[in-house]
Amino acid sequence: MAHRRLQLAAVLALAAFAVAQARQISHLPDAPAMCPLEMRKNTRWGVATASYQVEGGWNLGGRTPSVWDTFSHAGFIKNNDTGDVACDMYHKYPQDFKLMRELGIKHYRFSFSWNRILPQGGKGTPVNPEGIAFYNSLINEMIANNIRPYATIFHWDLPQVLQDKYQGLIGEEFIADFVNYANVLFENFGDRIRDWMTFNEPWVTCVLQYGQGVFAPGIPMGDEGMYKCGHNLLRAHAKTYELYHKVPQAKLDNATFADAARGKVPQAKLENATFADAARGKVGIALNIEYLEPLTEAKEDVAAANYGLEKNLGWFADPLFFGDYPASLKSCAKDVLPSFTAEESKLLKGSLDFLGINFYTGKFAKGSSTDKFAKGSTTDKCSVETREQDVNGKDIGPLAESSWLRVVPWSFYKLLKYVQSRYDPKQIMITENGVSAPKEDSMSVQQAIRDDFRVNYYKGYLDYLCKAISEGVKVSTYFAWSFMDNFEWREGYSQRFGINHVDFDSPELTRTTKDSGKFLSKHFFRVGRGGGVGARRPGGRKPTKETPAAAKPKEAPGAAKPAKQQ
């Protein structure tokens, strides 16, 4: 009888939990009107993070400093915050993937820490076995939770040693070192990762990191440094694409490939296969862009908006699709913009299998009444003036916590139509989209998780994304930024983009799902396309004396554990 009472109590407890859960999500809005269920089922919906923003473990497991470690330790971050611990995903990834699974998330975009893989950064330097073991364990844990990995090779955290050696992306040596780093990743993890992004937001890397110097490494080099950075980055991308798709790799027959196991690649072919043959994989890039709407119908405003899109998006996208920079950029920045050789142009053209777009906001563009646009610099004669208010002084949209981010859902649709029309990519992935809710860092946990501002942002933007898809824009995959609150670069922990709250005052860095996470889970994550990882068994390079079989994060020799981050 006591046993039956216990069973009844358990059933009642489960029922009460279910009722509580139902009440908890009952206030969530319906799915966006332009996102029918069938469309949501046929699209992949996921979340994204980046290594320095979430991993922590800055001096553990053989990792050496990146430029962001140096920059943050020098006190350049708001509130003297650092990424030393961040969200401590270095230790907490099993529980994070469990949470993803509970939310129905089947697609996860992450990035590798270059200096965790290659502590000395460059070609010919030792691969770190502890770094390989950590990422093997991370990827295998993803797959065990039915989550498909999407990998970004470089998300801004350059090894400090390479910055010191040849000024990072400014140096010609960067190209060979980056391709070598990519090769190490393909060899060790390419059996389980099909989707690769070479670079995240080259515009930010080259403008903010090396042009203005407001991001790490914090050395302003002006327009000349900015365009040199972009030139090297594009050539590194093209060489990496060539490596993945066109260079035979005899050593691949020693790896474990899921597609080969399923018979898609004949075993005999593996002895001389490329990485792409073996993994059936793809290489792309993640470009950021703000949509620019002409302030008025005046021809100078239309010209300014068009040039702004060509300068900021076309700077990187045009060489990848057409083999050269936009004619407008070549004219306006001819004194500082490098040129591609015929061989480089040929290698660049078509060097992507998908185009990643990081999109957050839109602005108005205003031109001048002369041949030059407003606020021109000495080297770029056609800089564009952007505004956040229309001619009547009305805001283009509500302001987020980030000063650069206004909520402009219709601009998402217009940008996607522009991209499809200009470039006609084979496939588009929305590699980031999200918002920082106002004052969320000063709220209690219970206040922060009721994030109506973010829920409304996602509902509006996804509505227009679905409208674009219905009109033929080839979006296959969407990643919300971000899976959880994290280190937001110069702003430290003062700006929150997560659909899961992280309590940075708690020793456990407790995660709590926000309403935005529940909204996306209910209408998108749970109903969207699966990851296709069921037949892809966890693998990785076979353990050797140099490569441990499992990741056991530990302190680097002689390194003290960091104090609680500021």
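Residues numbered from 1 in each chain as written. Predicted model: local features only at pLDDT ≥ 70, side-chain atom pairs only at ≥ 80, totals over all residues. Heavy atoms only, no water.

(A) Region of the structure containing the overall build of the chain. Assigned secondary structure in the chain consists of 20 helices and 13 strands. Here the chain holds 566 residues, and 60% of them are scored as buried. At a minimum sequence separation of 6, the contacts of the chain that also span at least 24 residues come to 78%. A total accessible area of about 22,400 Å² is found for the chain, and carbon and sulfur atoms account for 52% of it. (Helix = DSSP H or I, 4+ residues; strand = E, 2+ residues; numbered from the N terminus. Buried < 20%, exposed > 50% of the residue type's maximum accessible area, 1.4 Å probe, protein only. Contact = heavy atoms within 4.5 Å. Areas by Shrake-Rupley, 256 points an atom, 1.4 Å probe, with all protein chains shown as cover.)

(B) Representation of the sheet that holds strand 8 (residues 362–366). If you trace the three strands from one edge of the open sheet to the other, you get 6-8-9, paired in mixed fashion. Because the sheet does not close on itself, it has two edges, and the strands there are strand 6 (291–294) and strand 9 (385–387). In this sheet, neighbouring strand axes are inclined to one another by 45° on average, regardless of whether the strands run parallel or antiparallel. Both strand 8 and strand 9 contribute to a ladder of three bridges, which runs antiparallel. Counted as the bridge partner of K366 is E385 from strand 9. Seen against the sheet, helix 14 (residues 299–322) touches strand 6 and strand 8 and runs at an angle of roughly 170° to strand 6. The strands that helix 17 (residues 409–423) touches are strand 6 and strand 8; relative to strand 6, the one it contacts most, it runs at about 95°. (Pairing = 2+ DSSP bridges. Axes fitted to C-alpha atoms, helices over the stretch in contact; angles between N-to-C directions.)

(C) Inspection of the environment of S444 at higher detail. Relative to the helices and strands, S444 resides in the loop between strand 10 (428–432) and helix 18 (445–448). What makes S444 partly exposed here is its relative accessible area of 35%. With 59 residues separating them along the chain, S444 and D503 place their C-alpha atoms 9.2 Å apart.

(D) Structural detail: the packing of helix 14 against helix 17. In contact at an axis separation of 11 Å, helix 14 and helix 17 are set at 35° when each is read in the N-to-C sense. Both helix 14 and helix 17 take part in a crossing whose hand is right-handed. For the pair formed by helix 14 and helix 17, the contact residues are L309, E310, L313, G314, A317, D318, F321 and F322 on the first element and Y418, V419, R422 and Y423 on the second. (Left-handed = near helix turned anticlockwise from the far one by under 90°.)

(E) Just empty space enclosed by the protein, in detail. Inspection of every chain in the model, using the stated rule, returns three cavities of 30 Å³ or more. Taken together, T49, A50, S51, V54, E55, M89, Y108, F110, S111, F134 and L138 make up the full set of residues lining the largest cavity. Listing elements by their share of the lining of the largest cavity, those giving two or more residues are helix 3 (51–54), strand 2 (107–111) and helix 7 (129–144). Take the lining of the largest cavity: its biggest share by element is three residues, from strand 2. Among the residues forming the lining of the largest cavity, the class breakdown is seven nonpolar, three polar and one charged. (1 Å grid on protein atoms, 1.4 Å probe; cavity = no way out; pocket = protein on both sides within 12 Å on 5 of 7 lines; lining within 4 Å. Points joined across faces, edges and corners; volume = space filled by probe spheres on them. Nonpolar A, V, L, I, M, F, W, Y, C, P; charged D, E, K, R; others polar.)

(F) Up close: the state of the cysteines. As enumerated under the stated definition, the model contains two disulfides in all. The disulfide that involves C35 links it to C466, with 2.0 Å between the sulfurs. A torsion of 100° about the S-S bond marks the disulfide between C35 and C466 as right-handed. One end of the pair, C35, is in the loop between helix 1 (2–26) and helix 2 (37–41); the other, C466, is in helix 19 (residues 452–470), with 431 residues separating them in the sequence. As far as burial versus exposure is concerned, C35 and C466 are alike and both buried. Each sulfur of the disulfide joining C206 and C229 lies 2.2 Å from the other. Judged by the torsion about the S-S bond (-70°), the C206/C229 disulfide is left-handed. Here C229 lies in helix 11 (residues 222–246) and C206 lies in helix 10 (residues 202–211), a separation of 23 residues in the sequence. Judged by its relative accessible area of 0%, C229 is buried. (Disulfide = S-S within 2.5 Å.)

(G) Up close: the sheet that holds strand 11 (residues 475–481). Within the closed barrel, the eight strands sit side by side as 1-2-3-4-5-7-10-11. Their pairing is parallel. Adjacent strand axes in the sheet meet at a mean angle of 25°, parallel and antiparallel pairs treated alike. Inspection of the sheet shows strand 1 (residues 44–48) paired to strand 11 by five bridges, in the parallel sense. Bridging from a neighbouring strand, W45 pairs with Y478 of strand 11. Docked against the sheet, helix 7 engages strand 2 and strand 3 (148–154), running at close to 170° with respect to strand 2. Together, strand 7 (354–358), strand 10 and strand 11 form the strand contacts of helix 17, whose direction differs from that of strand 10 by roughly 140°.

(H) Spatial organisation of the layout of surface pockets. Size it by volume and the largest pocket reaches roughly 1,300 Å³. Lining the largest pocket are 47 residues, with W203, L208, N288, E290 and W404 sitting closest to its centre. Contributing elements (two or more residues each) for the lining of the largest pocket: helix 10, helix 11, helix 14 and strand 9. Among the elements that line the lining of the largest pocket, the one with the most residues is helix 10, at five residues. Taken together, the residues of the lining of the largest pocket break down into 18 nonpolar, 17 polar and twelve charged.

(I) Inspection of the packing of helix 11 against helix 14 at higher detail. Taken N-terminus to C-terminus, the directions of helix 11 and helix 14 make an angle of 30°; their axes are 10 Å apart at the nearest point. In the packing of helix 11 onto helix 14, the handedness of the crossing is right-handed. Here M226, Y227, G230, L233, L234 and H237 of helix 11 come into contact with helix 14, specifically with K311, W315, F316, P319 and L320. Taken together, the residues of the contact of helix 11 with helix 14 sort by class into eight nonpolar, two polar and one charged.

(J) Region of interest: the packing of aromatic side chains. Here the structure, examined in full by the defined rule, presents 54 aromatic pairs. Where F487 meets W489, the ring centres are 6.3 Å apart and the plane angle is 80°; that geometry is what we call edge-to-face. Judged by relative accessible area, which is 4%, W489 ranks as buried. Of note, R40 hangs over the ring of F524, and the distance from its end group to the ring centre comes to 6.0 Å. The aromatic ring of Y413 is capped on one face by K467, whose charged end is 4.9 Å from the ring centroid. (Phe/Tyr/Trp six-rings, centres within 6.5 Å; stacked < 30°, edge-to-face > 60°. Lys NZ or Arg CZ within 6 Å of the ring centre and 35° of its normal.)

(K) Highlighting the pairing of strand 2. Of all the five residues making up strand 2, five are buried; the element is thus mostly covered by neighbouring parts of the structure. Direction of pairing for strand 2 relative to strand 3: parallel, over a ladder of five bridges. If you follow R109 over to strand 3, its bridge partner there is Y150.

(L) Quick look at the environment of G434. By secondary structure assignment, the location of G434 is in the loop between strand 10 and helix 18. The class for G434 is buried, based on a relative accessible area of 0%. Sequence separation of G434 and L405 is 29 residues, and the distance between their C-alpha atoms is 9.8 Å. Those residues within four positions of G434 in sequence are excluded, and the remaining contacts are F359, Y360, L405, Y457, Y458, W481 and F497.

These figures come from the coordinates and say nothing about function on their own.
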